[in-house]
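Summary of structural features
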Amino acid sequence: MNAAVLGPGGVGGLLAGLLARAGHRVTCLAGDGTASALRSGGITVNSRQFGDFATHVAGDTELREPVDLCVVAVKATAFDAALERVPPAALGGGLVVPLLNGVDHMAALRERYRPEQVAAGTITVESTRVAPGLIEHGSPFTKVSLASATAPRERLEAAARALGGAGVETQVLDDEAGVLWTKMAFLAPMALLTTRHRLPVGGVRTAHREEMLALLAETAAVASACGARVDADGVAAMYDGFPARTKSSMLRDAEAGRPLELDAIGGALLRGARAHGIAVPVAERLVAEIGARPGA
């Protein structure tokens with residue numbers, strides 16, 4: 001497969017490295033400095049799950065030839081600008097698989113590319129870019145779910161075979177809304193609570209447990225109204241099983257002074273609640289409090 005990865009950070013860099021190691025041709029799309037570093041040094045992955053390895057990838061600032069698969073792995077805050085690196089004419093008939101937080105990006109992708117080229121994707125992983133081309137993969141799992149209301153299923157299955165052959169546990173599901181909102185139900189409470197209180201998950205689940213359970217219930221209600229089957233008690237049990245020092249990506253961004261994906265995560269949750277007439281007072285308060293901080 002000829003693949004492109006837009007945004008070779010923690011997630012994109014890991015997938016680019018795995019696909020290249022499996023023998024696929026991979027082009028990473030990024031800024032000048034990162035693209036140059038990847039061309040000269042490739043990608044090095046240090047992984048609990050896959051071991052440590054280095055592999056060659058191509059690096060460029062823009063897609064210049066058609067690909068079979070384009071993985072979009074940028075932050076939501078960089079999404080609009082990053083898409084300029086993938087002109088529709090250059091993409092050809094390739095399948096576009098975004099692995100962004102939130103749900104609103106799907107409409108934007110279908111406006112820019114043909115709907116039959118766009119699939120929803122979610123990934124469960126902990127992976128960090130330490131430097132251009134250097135990826136630290138800390139979780140003992142890498143799981144991707146794919147679904148699409150517009151792309152043919154065989155296109156998704158071809159992408160799943162490529163990812164699966166590279167070592168990524170990949171499933172193709174029938175319900176796009178369910179895939180996106182199931183992740184939101186898990187992600188939004190952790191992101192909002194850890195960022196608001198500047199605590200890892202261990203501190204949230206002890207010092208702010210009542211608030212956590214209330215927010216989980218609100219998020220599960222919105223997700224269920226949007227088409228996902230969510231067990232709030234099950235999500236709470238997952239939080240209880242996490243290492244106490246686990247941090248959300250939004251908290252890490254806040255600590256580093258980077259822009260927050262507050263609208264993509266918290267904003268999307270509030271918009272979903274309004275669309276279905278669901279009261280979410282805890283979510284509204286947390287989004288407002290985080291948004292009031294400088295840099296949010």
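Above this text is the structure in question.
As a starting point, this report considers the structure included with it. (Residues numbered from 1 in each chain as written. Predicted model: local features only at pLDDT ≥ 70, side-chain atom pairs only at ≥ 80, totals over all residues. Heavy atoms only, no water.)

Read from one edge of the open sheet, four strands run E4-E3-E10-E9, paired in mixed fashion. For this open sheet the edge positions go to strand E4 (51–55) and strand E9 (127–131), each flanked by a neighbour on one side alone. Strand-to-strand twist of the sheet, defined as the mean angle between neighbouring strand axes without regard to direction, takes the value 20°. Of the strands in this sheet, strand E3 (43–47), E4, E9 and strand E10 (134–137) are in contact with helix H1 (residues 10–21), which crosses E4 at around 75°. (Pairing = 2+ DSSP bridges. Helix = DSSP H or I, 4+ residues; strand = E, 2+ residues; numbered from the N terminus. Axes fitted to C-alpha atoms, helices over the stretch in contact; angles between N-to-C directions. Contact = heavy atoms within 4.5 Å.)

Time to look at unusual backbone geometry. At Arg-198, a residue that is not glycine, the phi angle is positive and equals roughly 50°. Locating Arg-198 in the fold gives a position in the loop between helix H7 (176–197) and helix H8 (201–207).

With that settled, the discussion passes to the sheet that holds strand E11 (residues 143–147). Spatially, the three strands line up as an open sheet ordered E8-E11-E12, and their pairing is mixed. Each edge of the sheet is formed by a strand with only one pairing partner; in this case those strands are strand E8 (120–124) and strand E12 (169–172). Recorded for the sheet is a direction-independent mean angle of 15° between the axes of neighbouring strands. Two strands pair when backbone bridges link them, and E11 and E12 are joined in this way by four bridges, in the parallel orientation. Paired with Ser-145 across the strands is Gln-171, a residue of E12. Docked against the sheet, helix H6 (residues 153–165) engages E11 and E12, running at close to 170° with respect to E12.

So, on to the state of the cysteines. Taken as a whole and judged by the stated rule, the model has zero disulfides. Not part of a disulfide, Cys-28 finds its nearest cysteine sulfur in Cys-70, a span of 11 Å. For Cys-28, a relative accessible area of 0% translates into the label buried. (Disulfide = S-S within 2.5 Å. Buried < 20%, exposed > 50% of the residue type's maximum accessible area, 1.4 Å probe, protein only.)

Summed over the entire model, instances satisfying the criterion amount to 17 salt bridges. Here Arg-64 and Asp-60 are joined by a salt bridge, their closest N and O atoms 2.8 Å apart. Through salt bridges that share partners, Arg-196, Glu-211, Arg-285 and Glu-289 make up one connected network. (Salt bridge = Lys/Arg side-chain N within 4 Å of Asp/Glu carboxyl O.)

Our next topic: the packing of aromatic side chains. Taken as a whole and assessed by the stated rule, the structure comprises three aromatic pairs. Centroid distance Phe-186 to Phe-242: 5.8 Å. Interplanar angle 75°. Geometry classified as edge-to-face. Taken as a pair, Phe-186 in helix H7 and Phe-242 in the loop between helix H10 (232–241) and helix H11 (249–256) lie far apart in primary sequence, 56 residues in all. The class for Phe-186 is partly exposed, based on a relative accessible area of 23%. You can call Phe-242 partly exposed: its relative accessible area is 22%. If you follow Arg-21 out to its NZ or CZ, it ends over the ring of Phe-53, 4.2 Å from the centre. We note Lys-143 situated over the ring of Phe-141; from NZ or CZ to the ring centre the distance is 5.9 Å. (Phe/Tyr/Trp six-rings, centres within 6.5 Å; stacked < 30°, edge-to-face > 60°. Lys NZ or Arg CZ within 6 Å of the ring centre and 35° of its normal.)

Turning our attention to the pairing of E4. Summarising the sheet, E3 and E4 pair through five bridges and their orientation is antiparallel. Directly across from Asn-46, in E4, lies its bridge partner Asp-52.

A separate point is the packing of H7 against helix H12 (residues 262–275). Where H7 contacts H12, the two axes come as close as 10 Å, and the packing angle between them is 115°. Crossing of H7 against H12: the hand is left-handed. Here H7 contributes Trp-181, Met-184, Leu-187, Ala-188, Ala-191 and Leu-192 to the contact with H12, which in turn contributes Leu-262, Ala-264, Ile-265, Gly-266, Ala-268, Leu-269 and Gly-272. When grouped by side-chain class, the residues that make up the contact of H7 with H12 number eleven nonpolar, two polar and no charged. (Left-handed = near helix turned anticlockwise from the far one by under 90°. Nonpolar A, V, L, I, M, F, W, Y, C, P; charged D, E, K, R; others polar.)

This part is about the pairing of strand E2 (residues 25–29). Most of E2 is tucked away, with four of its five residues classed as buried. Sheet topology places strand E1 (residues 2–6) next to E2; five bridges connect them, and they run parallel. Within the sheet, the bridge partner assigned to Asn-2 lies in E2 and is Arg-25. Alignment of E2 against strand E5 (residues 58–60), held across three bridges, turns out to be parallel. Across the sheet, Leu-29 pairs through a bridge with Asp-60, a residue of E5.

This part takes up the environment of Ile-265. Residue placement: Ile-265 occurs in helix H12. Considered as a pair, Ile-265 and Thr-206 are 59 residues apart in the sequence and their alpha carbons are 23 Å apart. When neighbours within four sequence positions are excluded, Ile-265 is seen to be in contact with Asn-101, Met-184, Leu-187, Ala-188, Ala-191 and Met-250.

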